[in-house]
Amino acid sequence: GYGPHYNIVGKLKGHGNPDKSIIISGHYDTVMTAGFVDNGAGTAGIIELARIFIETAKKGVYNSDYTIIFIAFASEELGLVGSTNYVMHHKAEMNNIVAVINLDCIGSDILSIAPTNPSESLDLDELILKAAGDLNISATLTEPGGSDQEVFRNPMGADVPPVESSTMLASYPLLY
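All of these numbers come straight from a predicted model, not from anything done at the bench.

Conventions used here
Residues numbered from 1 in each chain as written. Predicted model: local features only at pLDDT ≥ 70, side-chain atom pairs only at ≥ 80, totals over all residues. Heavy atoms only, no water. Helix = DSSP H or I, 4+ residues; strand = E, 2+ residues; numbered from the N terminus. Contact = heavy atoms within 4.5 Å. Polar contact = N/O pair within 3.5 Å; in protein donor to acceptor, adjacent residues only side chain to side chain. Buried < 20%, exposed > 50% of the residue type's maximum accessible area, 1.4 Å probe, protein only. Arc of directions from axis to C-beta. Core = buried A, V, L, I, M, F, W, Y, C linked by side-chain atoms within 4.5 Å. Phe/Tyr/Trp six-rings, centres within 6.5 Å; stacked < 30°, edge-to-face > 60°.

Comments concerning the environment of S171
(1) Moving on: Here S171 is to be found in strand β7 (residues 166–172).
(2) Moving on: With 61 residues separating them along the chain, S171 and I110 place their C-alpha atoms 5.2 Å apart.
(3) Moving on: Here S171 is in contact with D104, C105, I106, G107, S108, I110 and L111, once residues within four sequence places are set aside.
(4) Moving on: Within polar-contact distance, the side chain of S171 engages the backbone nitrogen of G107 at 3.0 Å.

The structure is reproduced here in C-alpha coordinates:
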(Lines give C-alpha, C1' and ligand atoms only; values in the text may rest on other atoms or scores of the structure.)
Protein backbone atom coordinates (compact mmCIF):
# COMPACT_ATOMS: atom_id res chain seq x y z
CA GLY A 1 0.00 0.00 0.00
CA TYR A 2 2.64 2.64 0.79
CA GLY A 3 5.09 4.35 -1.54
CA PRO A 4 4.93 5.04 -5.26
CA HIS A 5 3.04 2.77 -7.63
CA TYR A 6 3.98 2.67 -11.32
CA ASN A 7 2.21 1.44 -14.42
CA ILE A 8 4.56 -0.32 -16.83
CA VAL A 9 3.83 0.59 -20.45
CA GLY A 10 5.22 -0.61 -23.79
CA LYS A 11 4.10 0.33 -27.29
CA LEU A 12 4.37 -1.36 -30.67
CA LYS A 13 3.59 1.20 -33.37
CA GLY A 14 0.92 0.21 -35.87
CA HIS A 15 1.46 0.31 -39.62
CA GLY A 16 -1.89 1.05 -41.24
CA ASN A 17 -3.55 3.37 -38.74
CA PRO A 18 -0.98 4.02 -35.98
CA ASP A 19 -3.03 6.81 -34.37
CA LYS A 20 -5.59 4.20 -33.28
CA SER A 21 -4.60 1.80 -30.51
CA ILE A 22 -5.52 -1.43 -28.77
CA ILE A 23 -4.57 -1.89 -25.13
CA ILE A 24 -3.58 -5.31 -23.80
CA SER A 25 -3.43 -5.05 -20.03
CA GLY A 26 -3.41 -6.73 -16.66
CA HIS A 27 -2.37 -5.81 -13.15
CA TYR A 28 0.79 -6.88 -11.41
CA ASP A 29 -0.20 -6.43 -7.77
CA THR A 30 -1.78 -9.18 -5.70
CA VAL A 31 -3.61 -9.65 -2.41
CA MET A 32 -5.50 -12.49 -0.76
CA THR A 33 -4.58 -15.12 -3.40
CA ALA A 34 -1.57 -16.91 -4.68
CA GLY A 35 0.17 -14.28 -6.81
CA PHE A 36 0.66 -16.68 -9.71
CA VAL A 37 -3.11 -16.72 -10.15
CA ASP A 38 -4.03 -13.12 -9.46
CA ASN A 39 -2.34 -11.80 -11.37
CA GLY A 40 1.05 -13.25 -12.22
CA ALA A 41 -0.51 -15.20 -15.08
CA GLY A 42 -2.07 -12.05 -16.58
CA THR A 43 1.23 -10.18 -16.31
CA ALA A 44 3.05 -13.11 -17.94
CA GLY A 45 0.38 -13.10 -20.66
CA ILE A 46 1.04 -9.43 -21.43
CA ILE A 47 4.79 -10.04 -21.65
CA GLU A 48 4.35 -13.10 -23.89
CA LEU A 49 1.90 -11.31 -26.20
CA ALA A 50 4.30 -8.36 -26.48
CA ARG A 51 7.13 -10.77 -27.33
CA ILE A 52 5.06 -12.53 -30.01
CA PHE A 53 3.77 -9.32 -31.61
CA ILE A 54 7.29 -7.82 -31.68
CA GLU A 55 8.79 -11.01 -33.10
CA THR A 56 6.16 -11.34 -35.85
CA ALA A 57 6.58 -7.66 -36.75
CA LYS A 58 10.39 -7.99 -36.97
CA LYS A 59 10.06 -11.05 -39.21
CA GLY A 60 7.42 -9.36 -41.38
CA VAL A 61 4.91 -12.10 -40.58
CA TYR A 62 2.31 -9.77 -39.09
CA ASN A 63 2.11 -6.03 -38.54
CA SER A 64 -0.88 -4.63 -36.71
CA ASP A 65 -2.73 -1.78 -38.36
CA TYR A 66 -3.21 -0.23 -34.92
CA THR A 67 -0.64 0.62 -32.29
CA ILE A 68 -0.66 -1.97 -29.52
CA ILE A 69 -0.12 -0.65 -26.01
CA PHE A 70 0.90 -3.24 -23.43
CA ILE A 71 0.21 -2.11 -19.85
CA ALA A 72 0.86 -3.80 -16.52
CA PHE A 73 -1.27 -1.70 -14.19
CA ALA A 74 -0.28 -0.97 -10.61
CA SER A 75 -2.67 -1.21 -7.69
CA GLU A 76 -5.71 -2.90 -9.22
CA GLU A 77 -6.34 -4.64 -5.92
CA LEU A 78 -6.40 -1.27 -4.12
CA GLY A 79 -9.29 -0.03 -6.26
CA LEU A 80 -8.23 0.19 -9.94
CA VAL A 81 -5.71 2.90 -9.05
CA GLY A 82 -3.26 2.32 -11.92
CA SER A 83 -5.86 2.14 -14.69
CA THR A 84 -7.74 5.15 -13.33
CA ASN A 85 -4.48 7.11 -13.24
CA TYR A 86 -3.71 6.04 -16.82
CA VAL A 87 -7.09 7.24 -18.12
CA MET A 88 -6.82 10.55 -16.22
CA HIS A 89 -3.35 11.22 -17.69
CA HIS A 90 -4.22 10.13 -21.25
CA LYS A 91 -7.58 11.85 -21.78
CA ALA A 92 -6.52 13.25 -25.16
CA GLU A 93 -5.78 9.70 -26.42
CA MET A 94 -9.03 8.09 -25.25
CA ASN A 95 -10.89 8.77 -28.52
CA ASN A 96 -8.22 6.77 -30.35
CA ILE A 97 -8.46 3.60 -28.25
CA VAL A 98 -10.30 0.98 -30.28
CA ALA A 99 -10.32 -1.81 -27.69
CA VAL A 100 -9.04 -2.89 -24.29
CA ILE A 101 -8.28 -6.56 -23.60
CA ASN A 102 -7.55 -7.03 -19.90
CA LEU A 103 -6.01 -10.31 -18.69
CA ASP A 104 -6.90 -11.13 -15.09
CA CYS A 105 -6.49 -14.61 -13.57
CA ILE A 106 -5.92 -16.42 -16.86
CA GLY A 107 -4.63 -19.90 -17.48
CA SER A 108 -7.00 -22.51 -16.04
CA ASP A 109 -9.70 -24.69 -17.57
CA ILE A 110 -12.56 -22.33 -18.38
CA LEU A 111 -12.14 -18.99 -20.15
CA SER A 112 -14.59 -16.26 -19.15
CA ILE A 113 -15.05 -13.13 -21.22
CA ALA A 114 -16.68 -9.91 -20.05
CA PRO A 115 -19.30 -8.66 -22.52
CA THR A 116 -18.63 -5.54 -24.55
CA ASN A 117 -20.86 -2.97 -26.17
CA PRO A 118 -20.41 -3.57 -29.89
CA SER A 119 -19.06 -0.57 -31.77
CA GLU A 120 -19.74 0.09 -35.43
CA SER A 121 -16.68 -1.90 -36.49
CA LEU A 122 -15.92 -4.29 -33.62
CA ASP A 123 -17.90 -6.73 -31.49
CA LEU A 124 -14.95 -7.80 -29.36
CA ASP A 125 -16.57 -10.36 -27.06
CA GLU A 126 -18.17 -12.17 -30.02
CA LEU A 127 -14.84 -12.12 -31.88
CA ILE A 128 -13.07 -13.67 -28.86
CA LEU A 129 -15.81 -16.29 -28.37
CA LYS A 130 -15.52 -17.26 -32.05
CA ALA A 131 -11.71 -17.51 -31.80
CA ALA A 132 -12.04 -19.67 -28.67
CA GLY A 133 -14.46 -21.95 -30.51
CA ASP A 134 -12.10 -22.17 -33.49
CA LEU A 135 -9.33 -23.22 -31.07
CA ASN A 136 -11.64 -25.66 -29.24
CA ILE A 137 -11.36 -23.69 -25.98
CA SER A 138 -14.32 -23.65 -23.60
CA ALA A 139 -15.40 -20.01 -23.20
CA THR A 140 -18.41 -18.26 -21.69
CA LEU A 141 -19.56 -14.71 -21.07
CA THR A 142 -19.24 -13.43 -17.51
CA GLU A 143 -20.34 -10.28 -15.71
CA PRO A 144 -18.57 -7.05 -16.72
CA GLY A 145 -16.55 -5.09 -14.22
CA GLY A 146 -14.25 -6.10 -11.44
CA SER A 147 -10.94 -5.20 -13.05
CA ASP A 148 -9.02 -2.55 -14.98
CA GLN A 149 -11.04 -2.74 -18.22
CA GLU A 150 -13.99 -1.27 -16.34
CA VAL A 151 -12.23 2.10 -16.03
CA PHE A 152 -12.16 2.28 -19.86
CA ARG A 153 -15.72 0.94 -20.25
CA ASN A 154 -17.08 3.39 -17.72
CA PRO A 155 -14.62 6.27 -17.13
CA MET A 156 -16.67 8.00 -14.43
CA GLY A 157 -15.41 11.46 -13.58
CA ALA A 158 -12.76 11.46 -16.31
CA ASP A 159 -14.86 13.43 -18.82
CA VAL A 160 -13.83 11.15 -21.68
CA PRO A 161 -15.84 8.83 -23.92
CA PRO A 162 -16.00 5.16 -22.94
CA VAL A 163 -14.11 2.51 -24.88
CA GLU A 164 -17.10 0.33 -25.72
CA SER A 165 -14.95 -2.64 -26.75
CA SER A 166 -13.32 -3.20 -23.37
CA THR A 167 -13.27 -6.76 -22.09
CA MET A 168 -11.63 -8.95 -19.49
CA LEU A 169 -10.38 -12.47 -20.06
CA ALA A 170 -10.40 -14.55 -16.88
CA SER A 171 -10.19 -18.26 -16.06
CA TYR A 172 -11.89 -20.40 -13.44
CA PRO A 173 -11.34 -22.22 -11.19
CA LEU A 174 -8.69 -19.92 -9.77
CA LEU A 175 -7.21 -22.63 -7.59
CA TYR A 176 -7.25 -26.41 -7.81
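A word on unusual backbone geometry
(1) Moving on: The phi torsion at C105 lies on the positive side, around 65°, for a residue other than glycine.
(2) Moving on: In this structure, C105 sits in the loop between β4 (97–103) and β5 (110–113).
(3) Moving on: Phi angles above zero are rare outside glycine, and N136 is one such case at about 60°.
(4) Moving on: Counting through the fold element by element, N136 comes out in the loop between α3 (124–134) and β6 (139–141).

So, α3
(1) Moving on: For α3, the full list of buried residues reads L124, D125, I128 and A132. Across the axial projection of α3, the buried residues extend over an arc of 100°, all falling on one side. Opposite the buried face of α3, by more than 90 degrees, sit the exposed residues K130 and D134.
(2) Moving on: Elements that come into contact with the buried residues of α3 comprise β4, β5, β6 and β7.
(3) Moving on: Two residues or fewer past α3, N136 is found with a positive phi of approximately 60°.

Quick look at the nonpolar core
(1) Moving on: Ranked by size, the top nonpolar core spans 15 residues in total, and within it F70, L103, L124 and L169 carry the most contacts.
(2) Moving on: The leading source of residues in this core is β4, at 4 residues.
(3) Moving on: Discounting residues that sit within four places of it in the chain, F70 has contacts with I8, V9, G10, L12, I24, I46, L49, A50 and F53.
(4) Moving on: Of all hydrophobic cores here, the second largest spans 14 residues; its members include I97, V100, F152 and V163.

Some details on helix α2 (residues 81–89)
(1) Moving on: Within α2 the residues assigned to the buried category are G82, S83, Y86 and V87. Angularly, the buried residues of α2 cover 135° about the axis, an arc narrow enough to put them on a single face.
(2) Moving on: Taken together, the buried residues of α2 touch β1 (8–12), β2 (21–27), β3 (67–73) and α4 (149–153).

With respect to the packing of aromatic side chains
(1) Moving on: Under the criterion given, the structure shown has 5 aromatic pairs.
(2) Moving on: Relative to F70, the ring of F53 has its centre 6.3 Å away and its plane inclined at 50°; by these criteria the two rings are tilted. Here F53, found in helix α1 (residues 36–58), pairs with F70, found in strand β3; they are 17 residues apart in sequence, far enough to count as distant.
(3) Moving on: Pairing F73 with F152 gives two aromatic rings, centres 6.2 Å apart and planes at 40°, and the pair type is tilted.

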